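One letter stands for each residue in the lines below.
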Amino acid sequence: ETGETNGRGVVGGKAARISVAAIPVAPSEAEAEPLVHASSDLSVQTQTGVSEEFSWGLYDGAGNPSAVVLFKTDDHSIEVLINGQRTSTGQVFTTDRSYRLDMWFDRPHKTWRMMLNGVVAAEGDGYAFPGGAGVQLAAGWVPVNQGAASGRLYFDNVRVEAVSGDLPDDEAAETDL
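Below, the structure is looked at part by part. (Residues numbered from 1 in each chain as written. Predicted model: local features only at pLDDT ≥ 70, side-chain atom pairs only at ≥ 80, totals over all residues. Heavy atoms only, no water.)

This part takes up the sheet that holds strand 7 (residues 85-92). Strand order in the open sheet made by the six strands is 2-11-4-5-6-7, with antiparallel pairing throughout. The strands lining the two open edges of the sheet, one partner per strand, are strand 2 (17-22) and strand 7. Going across the sheet, the axis of each strand differs from the next one's by a mean of 20°, ignoring polarity. Relative to strand 7, strand 6 (residues 77-82) runs antiparallel, the two being bridged by six bridges. Within the sheet, the bridge partner assigned to Val-80 lies in strand 7 and is Thr-87. (Pairing = 2+ DSSP bridges. Helix = DSSP H or I, 4+ residues; strand = E, 2+ residues; numbered from the N terminus. Axes fitted to C-alpha atoms, helices over the stretch in contact; angles between N-to-C directions.)

On to the side chain of Ser-66. Inspection of the secondary structure puts Ser-66 in strand 5 (residues 65-72). If sequence neighbours within four positions are ignored, Ser-66 has contacts with Leu-58, Tyr-59, Asp-60, Leu-81, Ile-82, Asn-83, Tyr-127 and Pro-130. (Contact = heavy atoms within 4.5 Å.)

Inspection of every chain in the model, using the stated rule, returns three aromatic pairs. A centroid spacing of 5.6 Å and a plane angle of 80° characterise the contact between Phe-71 and Phe-93, whose relative ring orientation is edge-to-face. Of the two residues, Phe-71 is situated in strand 5 and Phe-93 in the loop between strand 7 and strand 8 (99-106); the sequence distance between them amounts to 22 residues. Ring geometry for Phe-105 against Tyr-127: centres 5.3 Å apart, planes inclined by 40°, an arrangement best described as tilted. On the criterion of sequence distance, the pair formed by Phe-105 in strand 8 and Tyr-127 in the loop between strand 10 (119-125) and strand 11 (136-143) is long-range, its members being 22 residues apart. With relative accessibility at 2%, the residue Tyr-127 sits in the buried group. (Phe/Tyr/Trp six-rings, centres within 6.5 Å; stacked < 30°, edge-to-face > 60°. Buried < 20%, exposed > 50% of the residue type's maximum accessible area, 1.4 Å probe, protein only.)

Overall, the coordinates contain one cavity of 30 Å³ or more when judged by the stated rule. Roughly 30 Å³ of internal volume is contained in the largest cavity. Among the elements that line the lining of the largest cavity, the one with the most residues is strand 3 (residues 35-45), at three residues. Of the residues that constitute the lining of the largest cavity, the class distribution is six nonpolar, one polar and no charged. (1 Å grid on protein atoms, 1.4 Å probe; cavity = no way out; pocket = protein on both sides within 12 Å on 5 of 7 lines; lining within 4 Å. Points joined across faces, edges and corners; volume = space filled by probe spheres on them. Nonpolar A, V, L, I, M, F, W, Y, C, P; charged D, E, K, R; others polar.)

To find the voids left in a structure, one rolls a probe of water-molecule size over its atoms. The space that makes up the largest pocket amounts to roughly 160 Å³. As for the largest pocket, its lining consists of 14 residues, of which Glu-53, Ser-55, Tyr-59, Leu-70 and Val-142 are closest to the centre. Per-element accounting of the lining of the largest pocket gives the leading share, four residues, to strand 4 (residues 52-59). Grouping the constituent residues of the lining of the largest pocket by class yields nine nonpolar, two polar and three charged.

Structure, rendered in structure tokens:
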């Protein structure tokens, strides 16, 4: 089953977080289609010297981050926040450049994988996919320091689907990170 597709939008400035798509989490689907795949084309636009943090990922029914990719503008680092644990991916992003972000969740095996431009940037196990109503794919923005914040996270070609199969391996990257 597929959630909203070909969504597009922007977060930043006054929009702190916006819901992008509902996540298919019906228990009957978990057996037939155990993987949840959320993908989007993303780019971050920011000014030098402004600290902001953009997020993209899953939020549970209560609005708490569950599995989120973080783009930090102060050092251009990319981190993941999974089950409340924040970890660096060791990757950096370039402002105004488009990236393909794929997030995969294997519900029965409680594993996850995050890929940028077809390359595994982070993965792990022990992830309990949030169940119940209200699970959302959302984009977020937080100004880290007080004052002017002018950055934006642009997203396009959003797709969320429940599928069968295994977590994908690295692909030949379309572009270097």
